[in-house]
Every structure is written in C-alpha cells, then in structure tokens.
Amino acid sequence: MIDCHFHVWTQDVSTPEKRAQRAEQFRREAEVLGIDRTCLIGELGDSVEECRENNLAVAAFVDEHPDLFYGWARVDPAWGDAAVEEFRRAVEEDGLVGLKHHFLGTEINITDPVFFPLAEAAVELDVPVIAHVMQNEEPYPTERPSEARSEDVVELANRYPDLKLISAHISAGGNWEYRIKNIADHENVYLDISGSNCEVGQIEMAVDYLGVGRLLFGTDTWLSVCAGKLDGADLPAEEKAAIAYNFESLLRDGVANRLEPDELEARIKRSRRRFESLEEPREETIVDANAYVGRWPFHPFDASAEGLLETMDRKGVDKAVVSSLGSVFYRDPQHGNQELARDIEGHKERLIPFATIDPTFPGWEDDLRHCVRDLGMRGVRLLPAYHDYEIDAPEAEKLLRACADLDVPAMLVPALEDQRGRHPRIFLRHFEGIGQATHWRGNEGKIDDVIDLLLAVPEADVIVAGAWADGARIIRETTTVDRRDVWLNNAIRTGETLLVIDDLFCYWTQTQGRRIVDEIGIDHLVMGPQLPFKVFESYYNYTQHLPVGEAEKDRVRSENVLALLES
C-alpha cells in the first residue's frame, strides 16, 4: 500500500542519522500492516526561508530512503509570488510530488484568490494538490472559517478542471456521507480514506459514488487505524489492492523513485493476495465488550441481532456484550432493555446482554433488578452524555452501588459516534466546543470525575470506554497503592477495573502500544470495536499488534472480560 498522507512530525531532522530514526520507526510499523511507502508532509515554517529548509528536509528523507518515501511540498499562499516560486523549486529541483495545503498556519481557504496561483502552478507542473478538508458540524465552521469543506473542494475543482485535487481524510470527523455525494460528479477530485473516524460504510459508499479509481489509501499518520479501514472494507480483494496503489497514478513522470510498471503490478498482486488472506477465519477467541443491538436513527447499518451475528461471523468475533440502541434515545430506557431481551432470545451464548440504566429516571432501581434477575442481563451500561447527567453525580454513584450489590459489572460509555459528524440537532452534555467529551479529557481536569466515581464505589466491577488518553492515570490512581513519604495512599479499588482499548487514533506499537502494556497492563484491557458501528479491523489492530505474546493478547481479546462476567 502507498500512503498518500503522512506527517514527518519529528523534532530533529537535521542529520541523516536523525532522519533514519524516523524512517526505521515507520518501516517497523508499516511492514506488519502491509504499507510499503508513504508520502511525507513536512512543516510549513514562518518564512519562505524556513519553508525551503523544511521542504529540503523532506527531500532529504526521499533521497536517503527512496524505497520508503515520497514527499509533499509546503508553502504559505500569503507569500504570493515567493510561494509559487518555492513550490516550483521544490517540485522541479527537490523532486517533491505536489502541494499539501492546510489552513492551520496559513488561515487561507483553497477558494481564496490568494491560493489560485498555486493551483495554476500545480496544473502547469502536472502535480496534485492535497488539501485538508473537513465537514464538521458547529462549532467547527464558526471557529475555523478558513478550514476547507467539500463545497470549497467543488468550487476549486470547477475553477480548475485540469487540477488533480485530493480531498484529504474522508473521515477525520465530520459528515462523510455529505462529502462523498458532494464531490461525486467532479472527476478531477480524489478522496483519501484516512481519518480517525472508523464508522462502517465509508469506503464502500465512496466506491459506489466515486468509483475505485478515485480513492487513495492514506493514514494521516494513524497507521493502524487506517490500514484496518481498508483491510475491513466490504470490497473484493482486487478493488482494495487498486485503492492501495492508486496514488502512484497521480505522480508525474519526473518523480525519480516512481515505481516501474512491472514493479507496480507485482506489488498490486502481492497486496491482493494479502487482502485475500485476511478473509480466512480467525482461530483466536474474540469478544467485543462494547457492542449494540437495535436501530440507530442516523445511519442504516444492520444492528439487528441477526445482522450483528452475521458481522461477527465474517469478522471472527465469537461473543459480544450487547446493549439496546433504543435505550439510548427512548425517554424510558427500560423499553429498550425489554426489546433487547426479546431480540437476542436464543442467542445468549454469543450475545451477552447489558442493561442500559438512566439513574435519573424514576423507578430505575426496580428496572435494574428486573433486568438482572428476570431478564438475565449480565451488567449495566451508563451513558451520561445521552441521559444528561454528570459522570460523578450522586445518581451515578448510587447506580454503581446497586450494581455492586447485585454483583454485576458497570460500563461507562462517553459517546457512540464521533460528535464532529453528529446530527445537527443532537447536542450532548460534555461535548461543548471542539473535541471529545470533557469528562474524558485530562487536559481539562474532568478525568478526575471518572476517577472520583471509581473510588467512591471501590467494590464495583467497572469497564471504562473512551478513556484512551488517560487510561494509565485511571489505573494508577484507582488500583495502585501509592507511598509518598510517611503518607500511605491505600484507598484503592477492590473491584475489577478494565479499560476498553479503543479510539487510540495515532497508535504505534513501538510507542503508545508499549506504554499501554507498561503503564496500564494487559490484565486491565479488553477489546471493544463497538460493532456494528465501527470497522472491526481498525480496532482489532490495537490488540493484534500489541508488543506482547499471543497468550497475553488472548487476555485482551477475550479472557479478561469473560473472567469478569463469569466471576
């Protein structure tokens, strides 16, 4: 696979040795994912001189590691003729393959007339432009007025029909369905499949509307996540292999390390065989600890019990811990719990039911007892953002105590979809402004609320989803005795504390993967690809490529959550 979208993001690129460190890091990650080359994006710089040095650094990466790298040029359109001159120089002298434009650092939209001379130069040079594009709901458009949207892509594509324009990251948040349909009729627009959002159906819909030839494999540096998206797409292996190498067709003849036709064909064939091998049944036991049954009002994926089981069979998932999607939006979640019990009748060996309880709704205590004692539900899910209460509210603590009394685990879930692409009339508590739920973000101090709740009911068994940024802190502060001078902090949890390994975005086994193993520990991790919402392979890559042995991976794949449910 050729990755069209990868950031250098390396503090020191001043020497061949320093650049080799990044090259080796990329090579080790990419080899296990089937990625054999990537196109580097350097920094912009505050002046034309700084920008030239950054472009030269990217060119040095390519010269020193031609088997691994292509390179994009960067310039600020505000520099006028000097920007065009540096862009031309970087292509003609340095061998860079085209122009990367990002509004950050420039605050110039691709439809600004200031950008047009660069588009004209790209047409003359016969090189592509890759533009940062999003389709986010408010407050993003207001707070980021120069950030390109698909309407801007269409406008630029119409103005320059000979421009090869790449609309970056189909799903780095935002409404990807809107984006796909908006650019469908513009043959000179290509779409890269990168982005941290791994909702199902993206690539398949893009193929339906744009065709295989207009899709490019890209990662935006999120290697594992985006490789998993293409691996898991419901497409024939030959179409996946074509997408994996389409970027090569956009390169001009003057690119020195462009693949020869025979070599390109050989790589495409190898890639097709790799995709075919991924269709073989998995032998390991896998449990999705965060799955759902019902109907989601915003996207028509099949979340029926039968549809979920069919997906599990295709992906090699043996069991799933399921809750009702109806309970998310029903005024009384108990209706959804009752539906769930009916829907999974006859499938409880594979579909393990968790009740959805809103502790602010009257009669929830009776509903909980009915779910556990009469309906056979094995745990509880709390969705405070949807049911509009604080994670550390007295009601949440009371619910956890009730779970402990009934000897069933509780699971905390922040959100079920990326809020950047939410329905414009859905506003969830804790999602004000740009970013993730505030109570799951350590940089705003709100992770304290999660920790306080866990410590308030230390005997409860708890699974926490969506805590990727602060998982190590949660484990350290709730499960570890801390000795500081003469003060002994031994108020730790006696119940199990498990974290769903999910939403890690820029996940690299050598860095984040190693930290997860060292700082959180295998015994505190469970799998949670959130079927049928998300692409299974993107989330399975987190576990599949942890830097541990297979026996330890089995703890994460299934054993930890099954031990909790069977205890």
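Here the residue numbering is sequential within each chain, running from 1 through the sequence in written order. For this predicted model, a pLDDT threshold of at least 70 governs which residues receive local features, and a threshold of 80 or more governs which side-chain atom pairs are given and counted, while totals over whole chains, interfaces and linings are taken from all residues. Hydrogens and water are ignored here; the side-chain numbers use all heavy atoms of the structure.

Chemist: Would you take a moment to explain helix 12 (residues 305-315) for this structure?
Modeler: Because each turn of an α-helix spans 3.6 residues, side chains separated by three or four positions end up pointing in the same direction. Looking at helix 12, one finds that the buried residues are Ala 305, Gly 307, Leu 308, Leu 309, Thr 311, Met 312 and Lys 315. Next to the buried residues of helix 12 lie strand 9 (287-293), strand 10 (319-324), helix 14 (334-343), strand 11 (351-356) and helix 21 (536-544). Remark: Gly 316 follows helix 12 within two positions and exhibits a positive phi of approximately 85°. Note on exposure labels: buried denotes an accessible area under 20% of the residue type's maximum, exposed denotes more than 50%, and partly exposed covers the range between, all computed with a 1.4 Å probe on protein chains only. Helix and strand definitions here come from DSSP, where helices need a minimum of 4 consecutive H or I residues and strands a minimum of 2 consecutive E residues; each element is numbered from the N-terminal end. When checking whether two residues touch, look at their non-hydrogen atoms; a contact exists if any pair is within 4.5 Å.

Chemist: Is there a simple way to explain the packing of aromatic side chains in this structure?
Modeler: What characterises a pair of aromatic rings is the spacing of the ring centres plus the angle enclosed by the ring planes. Here is the rule: rings of Phe, Tyr and Trp (six-membered ring for Trp) pair when centre to centre is within 6.5 Å. Planes less than 30 degrees apart are stacked, more than 60 are edge-to-face, and the remainder are tilted. What the rule picks out here adds up to 17 aromatic pairs. Each ring, one from Trp 72 and one from Phe 247, has its centre 5.8 Å from the other, and the planes form 55°; the classification is tilted. In this pair, Trp 72 sits in the loop between strand 3 (69-71) and helix 3 (81-92) while Phe 247 sits in the loop between helix 10 (237-245) and helix 11 (261-277), placing the two residues 175 residues apart along the sequence. On the accessibility criterion, Phe 247 (0% relative accessible area) is buried. Ring geometry for Phe 116 versus Tyr 160: centroids 5.9 Å apart, planes at 65°, classification edge-to-face.

Chemist: Just to check I follow, could you spell out the nonpolar core for this structure?
Modeler: One recurring pattern in soluble globular proteins: nonpolar side chains tend to sit buried together. Only buried Ala, Val, Leu, Ile, Met, Phe, Trp, Tyr and Cys residues count toward a nonpolar core, and they belong to the same one when joined by side-chain atoms within 4.5 Å. If you look at the biggest cluster of nonpolar residues, it comprises 93 residues, and the most contacted ones within it are Phe 87 and Phe 247. Considering every element that reaches this core, the biggest residue donor is helix 4 (residues 116-125), with six residues.

Chemist: Please clarify how unusual backbone geometry should be interpreted in this entry.
Modeler: Working note: non-glycine residues mostly have negative phi, and peptide bonds are mostly trans. In this model, Glu 138 is joined to Pro 139 through a cis peptide bond whose omega is 15°. Among the secondary structure elements, Pro 139 is positioned in the loop between strand 5 (129-131) and helix 5 (140-143). The amide bond that connects Leu 531 to the next residue, Pro 532, takes the cis arrangement and shows omega of 0°. In this structure, Glu 107 takes a positive phi of about 55° despite not being glycine. Within the secondary structure, Glu 107 sits in the loop between strand 4 (99-101) and helix 4. One non-glycine residue, Asp 126, lies in the positive phi region at around 60°. Mapped onto the elements of the fold, Asp 126 is located in the loop between helix 4 and strand 5.

Chemist: Which parts of the structure should I look at to understand the side chain of Thr 38?
Modeler: Examined against the element boundaries, Thr 38 turns out to sit in strand 2 (residues 37-41). For Thr 38, a relative accessible area of 0% gives the class buried. Counting of polar contacts relies on pairs of N or O atoms within 3.5 Å, with two restrictions inside protein: one atom must be capable of donating a hydrogen and the other of accepting it, and residues adjacent in sequence are counted only when both atoms are side-chain atoms. At a separation of 3.1 Å, a polar atom in the side chain of Thr 38 contacts the side chain of Asp 3. Beyond its immediate sequence surroundings of up to four residues, Thr 38 is in contact with Asp 3, Phe 6, Phe 26, Leu 68, Phe 69 and Tyr 70.

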